[in-house]
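Below, each chain spelled out in residue letters.
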Amino acid sequence: MSILAIIFILTGVFFFTTATIGLLRFPDFYCRMQATGKGDTLGALLSLTGLALYNLHHGFSLPTILVSIKIMFIAIFIFVANPTSTHAITKSGLDCGVEPFTKEEVIR
Amino acid sequence: MRYIITFLLLFLNWVIWSGMLDAFHLSLGVISCILVTYMTHDILFKREKFSSKHIVEVIRFIKYIPWLLYQIFLSNIHVASLVLNPKMPIKPELIRFKTKLKKDISLTTFANSITLTPGTITADIIEGEFYVHALSKKVADDLLAGEMENRVAHIFMED
């Protein structure tokens, strides 16, 4: 159980790291939104799943299971809040006229 | 009917968050859940009646979540490879495309799914047209292939 938790947390940290590197490397506002808003969803889900599993490694009892359920609720809230806030920031950027890096509007 | 469902959901939340199962705390929970249900019963569920159609929708939505997680995982690996590639072969573009979805709830689900999938952000929906910022050609093509749209349409019975 501990090994599984460590694998989950390390994978989550890896995705957080790529998100941060992307924030530093990408050329413009929208691409940086892509990197930070998104690396976080999977990173947070994996790290929190790892924590929930690690919490159970002493054995299953009602309080530890409840704590794990609460940790997974944090993941659910992130999954609802993260796209909403990413969308809000991107839309306000578009409304204020921040120019995208390559301005190709493809109509398909 | 919606009173009962709202009450049961609230009480389940109370039990999970309090974690104490003695009579005193449970009765406090029942009282506060009844009060909150009475005040907010029209917020959580807009409809008055429930039919088997809505249960089918819920089941299909739950089936949709694992596919969405798998999709998020795949495209997150794609974005990570873009970030770590020294040449950084990104091709950002603003895509505009028409959707066949009509209901508000399916539009919201589709827009949030697009934003959750790394590489694409829904910027705006104007009169059934999605404005999506895509990071590379691969994610844009995946989106325009329309598999996610078809699945969302299938959940809310618009296909």
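Reading guide: rules and limits
Residues numbered from 1 in each chain as written. Chains lettered and ligands numbered in written order. Predicted model: local features only at pLDDT ≥ 70, side-chain atom pairs only at ≥ 80, totals over all residues. Helix = DSSP H or I, 4+ residues; strand = E, 2+ residues; numbered from the N terminus. Buried ≥ 20, exposed ≤ 12 C-beta atoms within 10 Å, placed from the backbone. Contact = placed C-beta atoms within 7 Å. Domains from an automatic or database assignment. pLDDT = per-residue confidence, 0-100. Core = buried A, V, L, I, M, F, W, Y, C linked by C-beta atoms within 7 Å. Pairing = 2+ DSSP bridges. Axes fitted to C-alpha atoms, helices over the stretch in contact; angles between N-to-C directions. Parallel < 35°, antiparallel > 145°, perpendicular 65-115°, else oblique. Left-handed = near helix turned anticlockwise from the far one by under 90°.

1. Digging into the environment of Ile78(A)
Residue and element names in this part refer to chain A.
Link 1 in the chain: Relative to the assigned elements, Ile78 resides in helix α3 (residues 62-95).
Link 2 in the chain: Exposure remark for Ile78: the 16 C-beta atoms within 10 Å place this residue in the partly exposed category.
Link 3 in the chain: A C-alpha to C-alpha distance of 26 Å links Ile78 and Phe60, two positions 18 residues apart in sequence.
Link 4 in the chain: Beyond its immediate chain neighbours, meaning those up to four positions away, Ile78 contacts Thr41 and Ala44.

2. What to know about the domain arrangement of chain B
Link 1 in the chain: Taken as a whole, chain B is organised into domain 1 (2-44) and domain 2 (52-155).
Link 2 in the chain: With centres defined by C-alpha atoms, the gap from domain 1 of chain B to domain 2 of chain B works out at 35 Å.

3. Some remarks on the confidence of the model for chain A
Link 1 in the chain: Scored by pLDDT, chain A comes out at a mean of 81, with 92% of its residues at no less than 70.
Link 2 in the chain: Within chain A, strand β1 (residues 105-107) of chain A has the poorest average pLDDT of any element, 48, and helix α1 (residues 2-25) of chain A the best, 87.

4. Digging into the nonpolar core
One recurring pattern in soluble globular proteins is that nonpolar side chains are buried together.
Link 1 in the chain: Grouped together as the largest cluster of nonpolar side chains are 36 residues, with contacts concentrated most on Cys31(A), Phe110(B), Val132(B), Ala134(B), Leu135(B) and Leu143(B).
Link 2 in the chain: Every element with two or more residues in this core is listed here: α1 and α2 (29-55) of chain A together with α3 (52-84), α4 (104-116), β2 (120-126), β3 (129-134), α5 (137-144) and α6 (147-155) of chain B.
Link 3 in the chain: Of all the elements, α2(A) adds the most residues to this core, at ten residues.
Link 4 in the chain: In this structure, Phe110(B) is in contact with Leu101(B), Met148(B), Glu149(B) and Val152(B), ignoring residues within four places of it in sequence.

5. Quick notes on the pairing of β2(B)
Link 1 in the chain: The pairing of β2(B) with β3(B) spans six bridges and is classified as antiparallel. Looking across to β3(B), one finds that Thr122(B) is bridged to Val132(B).

6. Let's talk about the packing of α1(A) against α3(B)
Link 1 in the chain: Remark: α1(A) packs on α3(B), axes separated minimally by 9 Å, with the N-to-C direction vectors making an angle of 50°. When the interaxial angle is binned, α1(A) and α3(B) end up oblique. The crossing of α1(A) and α3(B) is left-handed. On α3(B), the residues touching Phe15(A), Thr18(A), Ile21(A), Gly22(A) and Arg25(A) of α1(A) are Asn76(B), Ala80(B), Val83(B) and Leu84(B).

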